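In case you want the letters, here they are:
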Amino acid sequence: MRFRPSAAAVAISLAIASLVAGCGGSSSNKDNTPAPAETARAFNRVASFFVCNQLGSSCESDDETAAEIVAASSDGMTLIYSNSPANSVGFVDITDPAAPAGLGGVALPGEPTSVAVLGGRALVAVNTSADFVNVAGQLVVVDIATRSIEATIALAGQPDSIAVSPDGSHAAVVIENERDEDLGDGTPPQLPAGLVQIIDTAGAPASWAVRDVALTGLADLYPTDPEPEYVDINADGQAVVTLQENNHLVLIDLASGAVTGDFSAGTADLVGVDLTDERPNRVAQTETATAVLREPDGVSWLSTTHFATADEGDLNGGSRGFTIFDTAGTRVFEAGTILEYESARLGHYPDRRSDAKGNETENAEYAQFGDDKLLFLCSERASLVYVFDVSDPAAPVHLQTLPAALGPEGVLAIPSRDLVIAASEEDARGDAFRSALNIYQRQDGTPRYPTLRSADRADGSPIPWGALSGLAADASDASRLYAVDDSFYAGNRIFSIDIGQSPALIAAEMPILDSAGVLAGLSVPAAADGDADATFDADDLAAMLNADGTVNLDPEGIAVASSGGFWIASEGAGTVGDASRPVTKANLIVKTSTAGVIEQVIRLPEAVDAMQVRFGFEGIAEADGQLVVAFQRAWTGEANPRLGLYDLASGTWRFVFYPLDAVASPNGGWVGLSDITPLGNGQFLLVERDNQAGPDARIKRLYRIDLSGVADGATVAKTQVRDLMGDLAITAGPTPEKIEGLARTAAGDVLVVNDNDGVNDNNGETWLLNLGAIAN
């Protein structure tokens, strides 16, 4: 496909006209994806409660925390969540769901694995096992009002899930007695076997009776070692239990304790999925896997006759979706590639999990909101919550997809308050992600997320994307932007984005090609093994060239070239003189044609190249006969990062310096430059940001500079024109770290976008925000 940034933008628009109907907020009908339902209401995230707020007033502790499974008080005003790293349950006041307030926690005698609510009590399943063989557990009964332990009941082993019957007469506890994955090849059987325990909850907790339900001999796989994973209870007092490793489902009548049915979860054929973890990464949803065990994790009743399973997978399976069964074991619906394609369409596909379980559907929750019968499914690896209308269990309709903090594990609906909660458990302050309770509210209007999605390819799969870095605006079409993906992906591409619709649409993709051999023809030293400086050499260059003609650059900036085509700023990799971070890429400016073919490669002067550190080229702009490229951080021996000015007529460089703001985050880190865009009359707009995310983020700012008459080697003056922290509040979630794309349209609107790191140690959210006009 050929991009002509001015005149031919119309041609691209025509090419996607037939796709627009399927890309305005729901999945297309391709690959059996149900058509979207028209609705005047949608869920939006209104707040995120970071669990680290329970450790202090502003999340300034490095201690690991987690919210894994979440329940709510009977009035829906208080959330109770399991915090396994802290061996506690936490409490959060959501009287105002947009302003959740921590209420502290209750210490437990071991690791909490699940929590449910019965009246004014929280029932917490706690693992107190010494090891995988000597198993033990407790049911800890906590008074919600006083947040104190009322009673403790011994359990038969290591609990996993707990549920309370709708009438409150029973609780069911899954005793998993999980296997040791490091023992032998990690497969069952590994005794002791798991079971289900029924708690008869009449009277005070001290008088509650406990009954055992054996599960051995039911499953075809590992019948002597059942490992029950999750339980849910319907209005008839019937429990459905998933045996994940056994790929089996069991129905239990709680009143009698009798097993009333059991059947295999079966297998699925996956057609059009990515099964290969390539490095560098490529998303290629073109492979097939047959007879894949579903191995369900979470399960939720839809009625007394149907239930849905979240088919996460464990040992050998995972169908990357969900299944709806009736109580006879008949499969009435199978998701196929719906969730895999939706995650790719939204830029959330976790490519490094392609060889494992893809998006990894973790849990399911059903609730009726008014007349709407809704199913919520959380994807642990894509960090998404999918919302389906299941009025007809045989034909679910995808309504919308919600963003979540990294690793949603539990999901809870509170229909009486029009709320849904997702508990995201992943937490590592040093890696810029914190565990959170995501709070969504059903509101009038349209979803705020996604802000960007992709059209389908000719084969029906979506254009996969992620790790967007630079952003550029078409010179004449105010509804057209261009973006690039960075070195997380092999075979770098240029994307054409239509911002004339909501959400914006990645309408087309174009690979960057070295079919003319320009990049391959660079003059570089021969490979020198053992060179401590590891200068950019022939082996490094060869690693940038693919057999299909595509290239592996690190595109961090893009600008529309006045002569046609694009300028790409490709960041170098490595630091000269640092053997632990050897130089494997040079900082390059690459000129492509409108067809993406490399026509020219510009290198830095040798003396500047010799100072390289790993924080190199970021944004690029063309104006007034020159290119301006921003260096992210200061290079060796310098106090400030450079702006490189390359004269297109003479082919010469000069450099000025940019004064960065001081670090402001309580977590330290650094501040650097990202993208740059021209404003005219020698003025430019730049993104300045810190390397912090979530509650530690402080600096996400736009500055204006004037390069008119600035002398070589001078330090420029800057004027702040926008603090983006206010704009990013719209996410109501973790503040994204990498605001890396900036563009000003032909109509004068300024847009920014964040890089989601290819969903690697990142929750995958991409926010393309239109800030409106910003005066020169």
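Described in the following lines is the structure provided in the data block. Keep in mind that what you see is a predicted model, and the values were worked out from it rather than measured. (Residues numbered from 1 in each chain as written. Predicted model: local features only at pLDDT ≥ 70, side-chain atom pairs only at ≥ 80, totals over all residues. Heavy atoms only, no water.)

To continue, consider the nonpolar core. In terms of nonpolar packing, the biggest core is built from 23 residues, with Ile 494, Leu 519, Ile 558, Phe 566, Ile 568 and Leu 588 touching the most fellow members. Elements with a contribution of two residues or more to this core: strand 33 (480-485), strand 36 (555-560), strand 37 (566-570), strand 38 (588-592) and strand 39 (598-603). Residues within four places of Ile 568 in sequence aside, it is in contact with Val 484, Ile 494, Ile 512, Pro 555, Gly 557, Ile 558, Leu 588, Ile 589, Val 590 and Thr 592. Formed by 19 residues, the second largest nonpolar core is a distinct cluster that contains Ala 561, Ile 602, Met 611 and Trp 635. (Core = buried A, V, L, I, M, F, W, Y, C linked by side-chain atoms within 4.5 Å. Buried < 20%, exposed > 50% of the residue type's maximum accessible area, 1.4 Å probe, protein only. Helix = DSSP H or I, 4+ residues; strand = E, 2+ residues; numbered from the N terminus. Contact = heavy atoms within 4.5 Å.)

Okay, the state of the cysteines next. Tallied over the full model, the rule gives one disulfide. Cys 52 shares a disulfide with Cys 59; S-S distance 1.8 Å. Given an S-S torsion of about 85 degrees, the disulfide between Cys 52 and Cys 59 has right-handed geometry. Residues Cys 52 and Cys 59 agree in their burial class; the two are buried. (Disulfide = S-S within 2.5 Å.)

Okay, the pattern of salt bridges next. Note that side chains of opposite charge can pair when their charged atoms are close. A full pass over the atoms with the stated rule returns 36 salt bridges. In this structure, Asp 200 and Arg 211 form a salt bridge, with 2.7 Å as the shortest nitrogen-oxygen distance. Of this pair, Asp 200 sits in strand 12 (residues 195-200) while Arg 211 is found in strand 13 (residues 209-214), placing the two residues 11 residues apart along the sequence. A salt bridge links Glu 599 to Lys 591; its shortest N-O distance comes to 2.8 Å. (Salt bridge = Lys/Arg side-chain N within 4 Å of Asp/Glu carboxyl O.)

Attention now goes to helix 2 (residues 338-345). Since the α-helix turns once every 3.6 residues, residues separated by three or four places project in the same direction. Burial within helix 2 is extensive, with eight of its eight residues counted as buried. For helix 2, the complete set of buried residues consists of Ile 338, Leu 339, Glu 340, Tyr 341, Glu 342, Ser 343, Ala 344 and Arg 345. At the C-terminal side of helix 2, Gly 347 shows a positive phi close to 75 degrees.

Taken in spatial order, the four strands make up an open sheet running 44-45-46-47, and their pairing is antiparallel. Looking at the sheet topology across the chains shown, the edges are occupied by strand 44 (671-680) and strand 47 (718-723). Direction aside, neighbouring strands of the sheet carry axes that sit 30 degrees apart on average. With seven bridges joining them, strand 45 (residues 683-690) and strand 46 (residues 700-706) adopt antiparallel strand pairing. Paired with Glu 688 across the two strands is Arg 701, which belongs to strand 46. (Pairing = 2+ DSSP bridges. Axes fitted to C-alpha atoms, helices over the stretch in contact; angles between N-to-C directions.)

The next point concerns the sheet that holds strand 16 (residues 248-253). The strands that make up a sheet are held in pairs by hydrogen bonds between backbone atoms, and each pair lies either parallel or antiparallel. Spatially, 14-15-16-17 is the arrangement adopted by the four strands of the open sheet, whose pairing is antiparallel. Whereas interior strands pair on both sides, the edge strands pair on one side only; in this sheet they are strand 14 (228-233) and strand 17 (258-264). If you compare each strand with its neighbour and ignore which way they point, the axes differ by 20 degrees on average. As paired strands, strand 15 (residues 238-243) and strand 16 are joined by six bridges and run antiparallel to one another. If you follow Val 241 over to strand 16, its bridge partner there is Val 250.

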